[in-house]
Amino acid sequence: MHIAEGFLPPAHAVAWGVASAPFVVHGVRSLTREVREHPESTLLLGASGAFTFVLSALKLPSVTGSCSHPTGTGLGAILFRPPIMAVLGTITLLFQALLLAHGGLTTLGANVFSMAIVGPWAGYAVYKLLRRSNAPLMVAVFAGAFVADLSTYCVTSVQLALAFPDPGSGFLGALGKFGSIFAVTQIPLAVSEGLLTVLVMRLLVQSSKGELTRLGVLLAKKQSRTETEAVAR
Amino acid sequence: MSRNTKINLVLLLAVAALAVLPLVLGLGDHKEEPFTGADAEAETAITELKPDYEPWFSPLYEPPSGEIESALFSLQAALGAGVLAYYFGLRRGRRQGEQRALEREADRALTGAAGKSAAERD
């Protein structure tokens, strides 16, 4: 659930926009480079974007008695690294802001920062750490997707608490309030997102071994670079 | 059913269970309006924290009713699901095609070894 249109004071809205812009610009560059150098990856890029589209349209009930939706950003971050996910996430947020009155244009910067930047980076970092310490692929994928989802809504809570500190208990009081609305609601949804990301990754391992090897998700069996490229096609 | 398919089914069932359990256990019963969106709750919280806050911008386009809104949300999900299905279908088809081509080649190699003419092989 994103911050609704007009619900961040102008100064905050602009600040988050300025903070997000360089990440998205850098992401567009990485994306065009990826497509130019590996045209065969366009399809999988589309599939990663599609995954975010599906998951962020699914409003699910949660233990707190309210509804929220997953983000779907973990998968793309693991496959193509976070900069590219910044672009795919921004496209999804724009679609929802323009057509669904969900999120908004004035809060786009803040929502991009949480869902398309911090979420993917946090998820990717956890995934990489676990892979480095030799955790099984699917464990790392689950943890990465879970963290990408949950951290997104922790950032949303921080953003709102910064803009609307509690008159009595200040920033921390407001953080507790927004955290209980967003972050606690999100925990079971983050588990769902982790499970769905594992499911899609399992299907990818069955169907797209070559490409996963090229992207470094699966380890190459001492193949030379040219061979890996050939398999990818 | 293969082991693989079974694991995938269990994953889907777990997701479904996580979505259905809050409803079945009535976890929204303590609320006046159960299972509203977390973003709407945040809006309420903002008006509690800062009663004089007025949203200074409203959406350029707002779906005129809840029905239209859910239609647009399903459109979003359907678009995504369609692209995903296309991807996996295409991959599966390609793999099957490649396998068939390999089998055909193996057949040809066999008949070729049995002394058929080269022209027939093309």
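Conventions adopted
Residues numbered from 1 in each chain as written. Chains lettered and ligands numbered in written order. Predicted model: local features only at pLDDT ≥ 70, side-chain atom pairs only at ≥ 80, totals over all residues. Heavy atoms only, no water. Contact = heavy atoms within 4.5 Å. Buried area = accessible area lost by both parts, 1.4 Å probe. Salt bridge = Lys/Arg side-chain N within 4 Å of Asp/Glu carboxyl O. Polar contact = N/O pair within 3.5 Å; in protein donor to acceptor, adjacent residues only side chain to side chain. Helix = DSSP H or I, 4+ residues; strand = E, 2+ residues; numbered from the N terminus. Domains from an automatic or database assignment. Core = buried A, V, L, I, M, F, W, Y, C linked by side-chain atoms within 4.5 Å. Buried < 20%, exposed > 50% of the residue type's maximum accessible area, 1.4 Å probe, protein only.

Let's shift gears to the interface of chain A and chain B. By a frequent convention, interface size equals the accessible area lost on bringing the separate parts together. In this assembly, 64 residues from chain A lie in contact with 56 residues from chain B. Roughly 5,300 Å² of surface becomes buried between chain A and chain B when both sides are summed, with 72% attributable to carbon and sulfur atoms. The largest share of the area that chain A buries against chain B comes from Phe-7, Leu-43 and Leu-100 of chain A, three residues that together contribute 11% of it. Where chain A meets chain B, there are three salt bridges. Summed over the shared surface of chain A and chain B, the result is 19 residue pairs in polar contact (both at pLDDT 80 or more). Taken together, the elements giving at least two residues each to the side of chain A that touches chain B come down to helix 1 (10-37), helix 2 (42-55), strand 1 (60-61), strand 2 (67-68), helix 4 (82-99) and helix 7 (170-207) of chain A. Ranked by residues supplied to the side of chain A that touches chain B, first place goes to helix 7 of chain A with 18 residues.

What the domain assignment reports for chain B is domain 1 (1-57) and domain 2 (65-122). For domain 1 of chain B versus domain 2 of chain B, the separation of C-alpha centres amounts to 37 Å.

Our focus in this paragraph is the nonpolar core. Grouped together as the largest cluster of nonpolar side chains are 39 residues, with contacts concentrated most on Leu-44, Leu-79, Met-201, Leu-204, Leu-212 and Val-217 of chain A. Elements with a minimum of two residues in this core: helix 2, helix 3 (73-80), helix 4, helix 5 (108-132), helix 6 (137-163) and helix 7 of chain A together with helix 1 (3-24) and helix 3 (66-113) of chain B. Element by element, the count of residues in this core is highest for helix 7 of chain A, at eight residues. Residues in contact with Leu-212 of chain A, not counting those within four places in the same chain, are Leu-79, Met-201, Leu-204, Val-205, Val-217 and Leu-218 of chain A. Judged by nonpolar contacts, the second largest core, of 32 residues, contains Ile-3, Ala-110 and Leu-160 of chain A together with Tyr-53 of chain B.

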